[in-house]
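Listed below, chain by chain, are the residues.
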Amino acid sequence: MTAYAKVIGTGGYLPAEVKTNEHISQTVDTSDSWIFERTGIKSRRIAAQDETTSSMAEIAARQAIEMADIAPNEIDLIIVATGTPENVYPGAGCMLQHRLGIKTGVAFDIQAACSGSIFGLDMANQYIKSGAAKTVLVVGSEINSRITDWTDRGTCILFGDGAGAVLLQASDEPGVLSTHIHSDGRFEDLLKCPNPQASAEENLTGYISMKGNEVFKVAVNTLGRIVDETLAANDMQKTDIDWLVPHQANIRIITATAKKLKMSMDHVVVTLEDQGNTSSASVLLAFNQAVRDGRIQRGHVVLLEAFGAGFTWGSALIKY
Ligand code: UT7
């Protein structure tokens, strides 16, 4: 009997244009030192005019497919997590399916803000464990630069563009050990990006707004709790975790979660210095980076976690 969703491939894509803190300091009242000290970010990538969420997703997905050494049409479920799809519909999942030349199976989008890839991993795991799908592609892809108010120094310093991908396949070897996802919709006003055309409110702009320090406090507490929940569900100790792959929002949030796990920063994958917060792409980009540079090895136990608008939050414990 098939019990596990095993990782068979990973991929990632970052657009070429680099926007540094110095660049941002030329247009808003901030500085490289303020941004780096408060966030850990030095630069972020910005998608070119002709790039889209699904074009970036395709590059990340093809890398994962190549690593797994499978044919694209073996994929029977594609889940794209994004808050920045190029269309309201058709979804980025269907656009990606077409780009990959797949005409079978099913593809759709999920929207859980920065937690999107963890929600995608949860769904992939459920589909594979139930036997409803055999090979599942999960992609987080975001063009945050197009929903960023570049005059708002509270948010424009944080976000970047990119795509991360993971391929999972049914296996009797581990595998995803557990996933845990949650939401609480009371916090719309703390972190929000409206859709002006579909909103009942008038005169809206479609940009991110955030009460940063309030989000920060909830994120630190919530991620601490998800660590406990994940360990307890697997009857594991903190020392059983080889790698923490956190959502890349702020180095101070990441450090707090590592401290909760009593984990040295040598075992935490950090990419935000030159990527910023790529929202749903961030965890899969970080996972891909550490797999490809050899830090994460087969058999390692990896804790992925994220927190985002909604609020949404979650974790995935994976034996790579
Ligand atoms: O991915 C989804 C989840 N998102 C997050 O988890 C983001 C969480 N929040 C954060 O990362 C942080 O709250 C920020 C990096 C956004 C802000 O850092 P902070 O330490 O919470 O700063 P703050 O908002 O409390 O602001 C402190 C001061 C304020 O000035 P006063 O009122 O003390 O005079 C701000 O106006 O820093 C000022 N400030 C800035 N100064 C220079 C805010 N943004 C900037 C800036 N440059 N870019």
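In what follows, the structure referred to is the one given above.
Concerning the sheet that holds strand E4 (residues 77–81)
- What the five strands build is an open sheet, ordered E1-E7-E6-E4-E5; its pairing is mixed. Edge positions in the sheet fall to strand E1 (4–13) and strand E5 (106–110), since each has one partner strand and no second. Neighbour-to-neighbour, the strand axes of the sheet open up by a mean angle of 20 degrees, direction not taken into account.
- Pairing geometry for E4 and strand E6 (residues 135–143), over five bridges, is parallel. Bridging from a neighbouring strand, isoleucine 79 pairs with valine 138 of E6.
- This element, helix H3 (residues 53–68), spans E1, E6 and strand E7 (161–171) of the sheet and lies at about 125 degrees to E1.
- Against the sheet, helix H9 (residues 282–292) engages E1, E6 and E7, with an angle of about 95 degrees to E1.

Here we look at the site of the ligand
- Contacts to the ligand come from 23 residues, most closely from Thr30, Arg38, His247, Asn250 and Asn277.
- Interatomic distance of 2.8 Å between a side-chain N/O atom of arginine 38 and an oxygen atom of the ligand.
- At a separation of 3.0 Å, an oxygen atom of the ligand approaches a polar side-chain atom of arginine 252.
- The fraction of the free accessible surface of the ligand (960 Å²) that becomes covered by protein chains is 72%.
- Taken together, the elements giving at least two residues each to the shell around the ligand come down to helix H2 (32–39), helix H6 (212–233) and helix H7 (251–260).
- The greatest single-element share of the shell around the ligand, amounting to four residues, is contributed by H6.
- There are two domains that each give the shell around the ligand at least three residues, and those are domain 1 (4–173) and domain 2 (177–319).

Notes on the packing of H3 against H9
- Direction vectors running N to C along H3 and H9 enclose 35 degrees, while the axes themselves pass 13 Å from each other. Judged by the twist between their axes, the crossing of H3 over H9 is left-handed. From H3, Gln63, Ala64 and Met67 reach across to H9, where they touch Asn288, Val291 and Arg292.
- Of the residues belonging to the contact of H3 with H9, the class tally is three nonpolar, two polar and one charged.

Focus on the pattern of salt bridges
- Counted by the stated rule, this structure contains nine salt bridges.
- A salt bridge links arginine 153 to aspartate 29; its shortest N-O distance comes to 3.7 Å. One end of the pair, arginine 153, is in the loop between E6 and E7; the other, aspartate 29, is in the loop between helix H1 (21–25) and H2, and 124 residues separate them in sequence.
- Looking at arginine 153, the relative accessible area reads 48%, which means it is partly exposed.
- Overall, aspartate 29 belongs to the exposed group, its relative accessible area being 63%.
- The closest approach of N and O atoms between lysine 42 and aspartate 32, which form a salt bridge, is 3.1 Å. On the criterion of sequence distance, the pair formed by lysine 42 in the loop between H2 and strand E3 (43–46) and aspartate 32 in helix H2 is long-range, its members being ten residues apart.
- Of the residues examined, lysine 42 reaches a relative accessible area of 30% and is grouped as partly exposed.

Some words on the packing of H6 against H7
- The interhelical angle for the contact between H6 and H7, taken along N-to-C directions, is 30 degrees, at an axis separation of 9 Å. In terms of orientation, H6 lies roughly parallel with respect to H7. Handedness of the H6/H7 crossing: right-handed. Residues Phe216, Ala219, Val220, Leu223, Gly224, Val227 and Asp228 of H6 form the contact with H7, whose own contacting residues are Arg252, Ile253, Ala256, Thr257 and Lys260.
- Class assignment of the residues belonging to the contact of H6 with H7 gives a composition of seven nonpolar, two polar and three charged.

Brief notes about unusual backbone geometry
- Geometrically, the link from tyrosine 89 to proline 90 is a cis peptide bond, its omega value of 0 degrees lying close to zero.
- Turning to its location among the elements, proline 90 is positioned in the loop between E4 and helix H4 (92–99).
- Geometrically, the link from glycine 310 to phenylalanine 311 is a cis peptide bond, its omega value of -5 degrees lying close to zero.
- On the secondary structure map, phenylalanine 311 appears in the loop between strand E12 (301–308) and strand E13 (312–319).
- With a phi angle near 60 degrees, asparagine 203 is a residue other than glycine that sits in the positive phi range.
- Mapped onto the secondary structure, asparagine 203 falls in the loop between strand E9 (191–192) and strand E10 (209–210).
- On the basis of relative accessibility, which here comes to 79%, the residue asparagine 203 falls in the exposed class.
- Despite not being glycine, aspartate 235 shows a phi value in the positive range, around 50 degrees.
- Considering the arrangement of structural elements, one finds aspartate 235 in the loop between H6 and strand E11 (243–246).

What counts, and at which threshold
- Residues numbered from 1 in each chain as written.
- Predicted model: local features only at pLDDT ≥ 70, side-chain atom pairs only at ≥ 80, totals over all residues.
- Heavy atoms only, no water.
- Pairing = 2+ DSSP bridges.
- Helix = DSSP H or I, 4+ residues; strand = E, 2+ residues; numbered from the N terminus.
- Axes fitted to C-alpha atoms, helices over the stretch in contact; angles between N-to-C directions.
- Contact = heavy atoms within 4.5 Å.
- Near = heavy atom within 4 Å.
- Polar contact = N/O pair within 3.5 Å; in protein donor to acceptor, adjacent residues only side chain to side chain.
- Areas by Shrake-Rupley, 256 points an atom, 1.4 Å probe, with all protein chains shown as cover.
- Domains from an automatic or database assignment.
- Left-handed = near helix turned anticlockwise from the far one by under 90°.
- Nonpolar A, V, L, I, M, F, W, Y, C, P; charged D, E, K, R; others polar.
- Salt bridge = Lys/Arg side-chain N within 4 Å of Asp/Glu carboxyl O.
- Buried < 20%, exposed > 50% of the residue type's maximum accessible area, 1.4 Å probe, protein only.
- Parallel < 35°, antiparallel > 145°, perpendicular 65-115°, else oblique.

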